[in-house]
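# Secondary and tertiary structure notes
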Amino acid sequence: MLWSTVIIAILSGLTYYFLGCCCPIIYWLLQVGFLVLLGLIVQFFRVPNRTCTGGENDIMCPADGKVVVIEEVFEEEYFKDKRLQVSIFMSPINVHVTRYAASGKIKF
C-alpha cells in the first residue's frame, strides 16, 4: 500500500505541475479520481484483526467470501486419492487475505 500511496502522490504532483494553472477543472477531476483510486486500493488490501473462537481440532474458513462449491475431486500430486474441495468466491468488497484453516505441519 505504501507504493500505491507514493505513486498516486507523484501522479498528483505531476498533474498539479502540468494542469494546475491552465486546466483547473481537469486537474480537480484527476485529483478526485486519484483519491477514489487510493481509497479503493486501501479498502481492497486491508488486513483486519480476527479472533477465532474455534477449538483445537476445528477447521476454520481460510478466507472471507461465499462458499460456492463443495465437491469431491481426485488430488493427484500428494495424496493421490479423492478429497473434498471447497471453493470460496471473494468479491472486491471482501477481505483478500488467506489465513491458515487449521494448525499443522507442511510436508509438501
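Predicted model, so just to flag it, every value in this text is computed and none were measured.

What counts, and at which threshold
All residue numbers here refer to positions counted from 1 along the written sequence of the relevant chain. It should be noted that, the model being predicted, local features are given only for residues of pLDDT at least 70 and side-chain atom pairs only at 80 or more, the latter also being counted only at that level, while totals for whole chains, interfaces and linings use all residues. Just so you know, side-chain values use all the structure's heavy atoms and leave hydrogens and water out. Numbering goes from the N terminus for both helices and strands, where a helix is a DSSP run of H or I of at least four residues and a strand is a run of E of at least two. Within these notes, the globule rule equals 2.2 Å times the number of residues to the 0.38 power, and the radius of gyration is based on C-alpha atoms. Relative accessibility thresholds used throughout: buried, under 20% of the residue-type maximum; exposed, over 50%; partly exposed, between the two (1.4 Å probe, protein chains only). With residues, only the protein chains shown are counted as cover, and all accessible areas are computed by Shrake-Rupley using a 1.4 Å probe. Only four residue types enter the tally: Lys and Arg on the positive side, Asp and Glu on the negative side, with His and both chain ends excluded. Charge positions come from single atoms, namely NZ of Lys, CZ of Arg, CG of Asp or CD of Glu. Expected helix span is given by 1.5 Å per residue-to-residue step, counting one fewer step than there are residues. Summarising the geometry, the arc corresponds to the directions from the helix axis toward the C-beta atoms. Pairing between two strands requires that DSSP report at least two bridges joining them. One confidence number per residue, pLDDT, is output by the predictor and ranges from 0 to 100. Note on definitions: salt bridges are taken to be side-chain nitrogens of Lys or Arg within 4 Å of carboxyl oxygens of Asp or Glu.

### A look at the overall build of the chain
- Looking only at helices and strands, the chain has two helices and two strands in total.
- The C-alpha atoms of the chain give a radius of gyration of 22 Å, which is well past the 13 Å a tight globule of 108 residues would have.
- The dimensions of the chain, computed from C-alpha atoms along their principal axes, are 65 × 30 × 25 Å.
- Looking at the 108 residues of the chain, the share that counts as buried comes to 12%.
- Here the chain displays about 9300 Å² of accessible surface, and carbon together with sulfur accounts for 66% of that area.
- Measuring between centres, the 9 positive side-chain charges of the chain sit 6 Å from its 9 negative side-chain charges.

### Observations concerning helix α1 (residues 2-19)
- Here α1 spans 25 Å end to end across 18 residues, near enough to the 26 Å set by a 1.5 Å rise per residue.
- Burial in α1 covers these residues: I8, S12 and T15. Down the axis of α1, the sector holding all buried residues measures 65°, keeping them to one side. What points out from α1, more than 90 degrees from its buried face, is the exposed set L2, W3, Y17 and F18.

### What about unusual backbone geometry?
- One non-glycine residue, K80, adopts positive backbone phi at about 50°.
- When you line up the elements, K80 lands in the loop between β1 (66-75) and β2 (81-89).
- For K80, a relative accessible area of 53% translates into the label exposed.

### Some points on the pairing of β1
- As defined by bridge partners, β1 adjoins β2 across nine bridges and the pair is classed as antiparallel. What sits directly across from V69, in β2, is S87.
- Taking the residues between adjacent antiparallel strands as the criterion, β1 and β2 are bridged by five residues, where K80 takes a positive phi near 50°.

### Remarks on the confidence of the model for the chain
- When pLDDT is averaged across the chain, the result is 90; 100% of the residues are at 70 or more.
- At the low end of the mean pLDDT range in the chain sits α1, at 92; at the high end sits β1, at 95.

### A closer look at the pattern of salt bridges
- The full count for this structure, using the stated rule, is two salt bridges.
- The salt bridge involving D64 is made with R50; its shortest N-O contact spans 2.6 Å. Of the two residues, D64 sits in the loop between α2 (24-44) and β1 while R50 sits in the loop between α2 and β1, which places them 14 residues apart along the sequence.
- Note that E72 is salt-bridged to K82, the shortest N-O span being 3.8 Å. Here E72, found in strand β1, pairs with K82, found in strand β2; they are ten residues apart in sequence, far enough to count as distant. Each member of the pair, E72 as well as K82, carries the same accessibility label: exposed.

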